[in-house]
Amino acid sequence: MILPPATLGMLGGGQLGRFFVSAAHELGYKVWVLDPDPHSPAGLIADRHLVAAYDDYVALDTLGSECAAVTTEFENVPADTLDYLTKFIPVHPAASAVAVCQNRIAEKSFLADNGLPHGPFAAIRSEDDIRNANAGLFPAVLKVARFGYDGKGQARVADRDEAVAAFQHFKGEPCVLEKMLTLDFEVSVVLARDEAGNVRCFPTGENRHRNGILDVTIAPAQASACLRDNAQEIAERIADKLGYVGTLGVEFFVCRGELFVNEMAPRPHNSGHHTIDACDVSQYEQQVRALCGLPLAAPRQHSAAVMVNLLGELWYEDGKGHGTYREPDWSVLHAVPGLRLHLYGKHHARPGRKMGHFVVTGANTEAVLGHALAARAAIGIRDE
Ligand code: ADP
Ligand code: MG
């Protein structure tokens, strides 16, 4: 067991890392963050911020000699970096698990090889792969295999010609071609798994996206208990097969009542932010616990919760990214009972950039959802 006042290493300085730093501090640990951005949200509150690239081996040597263990908040940390650090200290999740989650071809193949439910897809490495793809895949989504996030690196394609054009637009980068599914809704499971293989799931949440970016999470999901349990079981199987240690997010599509795994995130997940406000242990504290070998808590959600993401366009006069740049009127949100605002300290808002979120908690999901959607409209988020 790694106990306080040990220093923990965090690869990545985004908001997920920032919440990890807070959780680790609460438990008495120190945290050093590695992120090339001098203004990174986690770096701002870390005990030390190493401003360096993820493949800066001098910085990695420092992390390896000063920290007791290291984890990540960012799936695109090079697997080589994680492998390198393993020579010095425990690294969780392992490079092999991160490697599967950071490449959509590896991820989809992992699901297929392990008999886990997923939508129809083809790996695309050449234009020939598109020509040979099953006609039943169209209309489809072409997604770059690496470095896509928040709907970036994706194109909706009606047919083969459009897929070829999109593939060229992506400069021939390896991609997956996924059948466009008609979704009933989307859900996700956040879980933690320790080295002994114990798994603790948070209740299944329901996710609504806007322009390919998570907009609202409703927790627990307004779905049957059977579907919610099934999602947890599938997520648990994924964590076991990956030999995963840490906090893992698994996204699902629900299609005609059936679950299909969309993707996995080898880190805490945006849809688990509310665990800070609505559960007796957060996804970030579980990440600390798994990393340090502390017993995982059995999470109990004590309140229904709805989370709303606050994206950079809100900082602009028209709410879409145009006009005067100004701070949203937070007093509107602070007036809502049961609402907690979390801002990440990012120094500049760009449209689509995750700047903060709020969570409304209460006794019943329907009422909480009503209050959260009213607050969402009041702060200026529009649906068209
Ligand atoms: P990201 O890494 O950007 O989260 P996802 O693959 O999760 O990428 O896609 C983002 C969102 O786009 C999904 O949550 C879903 O709403 C929509 N989407 C992605 N793939 C499909 C698909 N094959 N069929 C229907 N909707 C999809
Ligand atoms: Mg996603």
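Residues numbered from 1 in each chain as written. Chains lettered and ligands numbered in written order. Predicted model: local features only at pLDDT ≥ 70, side-chain atom pairs only at ≥ 80, totals over all residues. Heavy atoms only, no water.

1. Quick look at the site of ligand 1
Within the structure, ligand 1 sits among 19 residues, and Lys143, Asp150, Gly151, Glu186 and Asn262 are positioned closest to it. Within the side chain of Arg104, an N or O atom sits 3.0 Å from an oxygen atom of ligand 1. At a separation of 2.8 Å, an oxygen atom of ligand 1 approaches a polar side-chain atom of Asn262. In the complex, 92% of the free accessible area of ligand 1, which totals 540 Å², lies under the protein chains. For the shell around ligand 1, the secondary-structure elements that each account for two or more residues are β6 (140-144), β8 (175-179), β13 (246-255) and β14 (258-265). In terms of residue class, the shell around ligand 1 is made up of 6 nonpolar, 5 polar and 8 charged. (Near = heavy atom within 4 Å. Polar contact = N/O pair within 3.5 Å; in protein donor to acceptor, adjacent residues only side chain to side chain. Areas by Shrake-Rupley, 256 points an atom, 1.4 Å probe, with all protein chains shown as cover. Helix = DSSP H or I, 4+ residues; strand = E, 2+ residues; numbered from the N terminus. Nonpolar A, V, L, I, M, F, W, Y, C, P; charged D, E, K, R; others polar.)

2. What to know about the packing of aromatic side chains
This structure, assessed with the given rule, holds 7 aromatic pairs. Here the aromatic rings of Phe19 and Tyr284 are separated by 5.2 Å at their centres, their planes lie at 35°, and the arrangement is tilted. One end of the pair, Phe19, is in helix α1 (residues 15-26); the other, Tyr284, is in helix α11 (residues 283-292), and 265 residues separate them in sequence. Take Phe19 and Tyr284: they sit in the same class, and that class is buried. Aromatic pair Tyr54 and Phe74: ring centres 5.5 Å apart, planes at 35°, arrangement tilted. One end of the pair, Tyr54, is in the loop between β3 (48-50) and α3 (57-66); the other, Phe74, is in the loop between β4 (69-72) and α4 (79-86), with 20 residues separating them in the sequence. One residue, Arg48, lies across the ring of Trp32, its end atom 4.8 Å from the ring centre. (Phe/Tyr/Trp six-rings, centres within 6.5 Å; stacked < 30°, edge-to-face > 60°. Buried < 20%, exposed > 50% of the residue type's maximum accessible area, 1.4 Å probe, protein only. Lys NZ or Arg CZ within 6 Å of the ring centre and 35° of its normal.)

3. Some thoughts on the environment of Leu242
Inspection of the secondary structure puts Leu242 in helix α9 (residues 225-242). Taking the C-alpha atoms as reference, Leu242 lies 36 Å from Gly362; in sequence the two are 120 residues apart. Beyond its immediate chain neighbours, meaning those up to four positions away, Leu242 contacts Ala97, Val100, Cys101, Phe110 and Met264. (Contact = heavy atoms within 4.5 Å.)

4. Digging into the sheet that holds strand β2 (residues 30-34)
Strands sit in the order β3-β2-β1-β4 across an open sheet of 4 strands; the sheet is parallel. Each edge of the open sheet carries a strand with a single partner, namely β3 and β4. Geometrically, the sheet is characterised by an average inter-axis angle of 25° between neighbouring strands, direction not taken into account. Pairing analysis gives 3 bridges linking β2 to β3, with the strands arranged parallel. Paired with Val33 across the strands is His49, a residue of β3. The sheet contacts of α1 involve β1 (7-11), β2 and β4, and relative to β2 the element is tilted by about 165°. Docked against the sheet, α3 engages β1, β2, β3 and β4, running at close to 165° with respect to β2. (Pairing = 2+ DSSP bridges. Axes fitted to C-alpha atoms, helices over the stretch in contact; angles between N-to-C directions.)

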